There are 2 protein chains.
Amino acid sequence: MAVVAVWKCDRDGKMFDDKKAAEAHDKMLELAANITDLIENSVKGISEEHSEAIGLLLARNSDKLAKACKGKPEALLEVDEDSSITPLAANQ
Amino acid sequence: MAVVAVWKCDRDGKMFDDKKAAEAHDKMLELAANITDLIENSVKGISEEHSEAIGLLLARNSDKLAKACKGKPEALLEVDEDSSITPLAANQ
């Protein structure tokens, strides 16, 4: 029997057959975590659940967010809002 | 006596001598408002005050946020966190 490499993202344990996809997922979660940390350190009284959900929401839409930051704020209106956001804690 | 143009941003009434500065400020507030709307429509139970404070926080750091979205999540660690954020409502 052959053995094949499977790539695991250690932030959330998700598995990928493709290394590039695993790296992109890890980068997205790193962005989400950094947004969450920034919000928690700057906005008094925000809950961890909310700051995590917002980090994930924005990281999952980083392409449109980048465009919005570069002078096209209307790009954020194209985000599919009903992509419901479950905080990471709920996944574990 | 001469008359000179002063540029007012109608989102928050702030005045500028320079048109470009006024436009940049307006664009920043538009980005803040779009981030706030996205958060309010996607994250259940978040308060208007928190979503507004987060919109302003991220819009004021749009340069670093854009960099973070483009593959350098660590760029967000350079944000000056103690730039305290007062929601717009508190200004009016």
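Conventions we followed
- Residues numbered from 1 in each chain as written.
- Chains lettered and ligands numbered in written order.
- Predicted model: local features only at pLDDT ≥ 70, side-chain atom pairs only at ≥ 80, totals over all residues.
- Heavy atoms only, no water.
- Helix = DSSP H or I, 4+ residues; strand = E, 2+ residues; numbered from the N terminus.
- Buried < 20%, exposed > 50% of the residue type's maximum accessible area, 1.4 Å probe, protein only.
- Contact = heavy atoms within 4.5 Å.
- Areas by Shrake-Rupley, 256 points an atom, 1.4 Å probe, with all protein chains shown as cover.
- Least-squares fit on C-alpha atoms with pLDDT ≥ 70 in both.
- Axes fitted to C-alpha atoms, helices over the stretch in contact; angles between N-to-C directions.
- Parallel < 35°, antiparallel > 145°, perpendicular 65-115°, else oblique.
- Left-handed = near helix turned anticlockwise from the far one by under 90°.
- Buried area = accessible area lost by both parts, 1.4 Å probe.
- Salt bridge = Lys/Arg side-chain N within 4 Å of Asp/Glu carboxyl O.
- Polar contact = N/O pair within 3.5 Å; in protein donor to acceptor, adjacent residues only side chain to side chain.
- Nonpolar A, V, L, I, M, F, W, Y, C, P; charged D, E, K, R; others polar.

Asks: Describe the overall build of chain A, and please don't skip the residues or the numbers.
Replies: Scanning chain A from terminus to terminus reveals four helices and two strands. Moving toward the C terminus, one meets the helices and strands of chain A in the order β-β-α-α-α-α. Classification of the 92 residues of chain A by burial places 41% in the buried group. The long-range fraction of contacts in chain A, counting pairs at least 24 apart against all pairs at least 6 apart in sequence, stands at 33%. Accessible area for chain A stands at about 5,400 Å²; split by element, carbon and sulfur atoms hold 51% of it.

Asks: For the relation of the copies chain A and chain B, give the residues involved together with the corresponding values.
Replies: Overlaying chain A on chain B yields an RMSD of 0.0 Å, the required transformation being a rotation through 180° with an accompanying axial translation of 0.0 Å. Here the transformation between the copies is reduced to the relation of a two-fold axis. Nearest to the rotation axis, the C-alpha of Ala66 of chain A is located 2.3 Å from it, this being the minimum over chain A. Take the interface residues of chain A: 100% of them recur as interface residues in chain B, which is what a same-surface contact looks like.

Asks: So what's going on with the environment of Cys69 of chain B? Which residues, and what values?
Replies: Among the structural elements, Cys69 of chain B can be located in helix α3 (residues 62-69). On the basis of relative accessibility, which here comes to 12%, the residue Cys69 of chain B falls in the buried class.

Asks: Residue-level account of the packing of helix α3 (residues 62-69) of chain A against α3 of chain B, with values.
Replies: The N-to-C vectors of α3 of chain A and α3 of chain B enclose an angle of 150°; their axes lie 9 Å apart at closest approach. In terms of their interaxial angle, α3 of chain A and α3 of chain B are classed as roughly antiparallel. Here α3 of chain A runs over α3 of chain B; the crossing is left-handed. Contacts between α3 of chain A and α3 of chain B involve Ser62, Leu65, Ala66 and Cys69 of chain A on the former and, on the latter, Ser62, Leu65, Ala66 and Cys69 of chain B.

Asks: How would you explain the interface of chain A and chain B if you had to name every residue and give the values?
Replies: Facing the 31 residues of chain A at the interface are 31 residues of chain B. Buried surface at the junction of chain A and chain B, both sides included, amounts to about 3,000 Å², of which 76% is carbon and sulfur. Applying the counting criterion to the chain A and chain B interface returns zero salt bridges. Along the contact surface separating chain A from chain B lie six residue pairs in polar contact (both at pLDDT 80 or more). Of all elements in the fold, only α1 (19-42), α2 (48-60) and α3 of chain A reach the threshold of two or more residues within the side of chain A that touches chain B. Here the element with the most residues in the side of chain A that touches chain B is α1 of chain A; it accounts for nine residues. Along the lines of polarity and charge, the residues of the side of chain A that touches chain B split into 18 nonpolar, seven polar and six charged.

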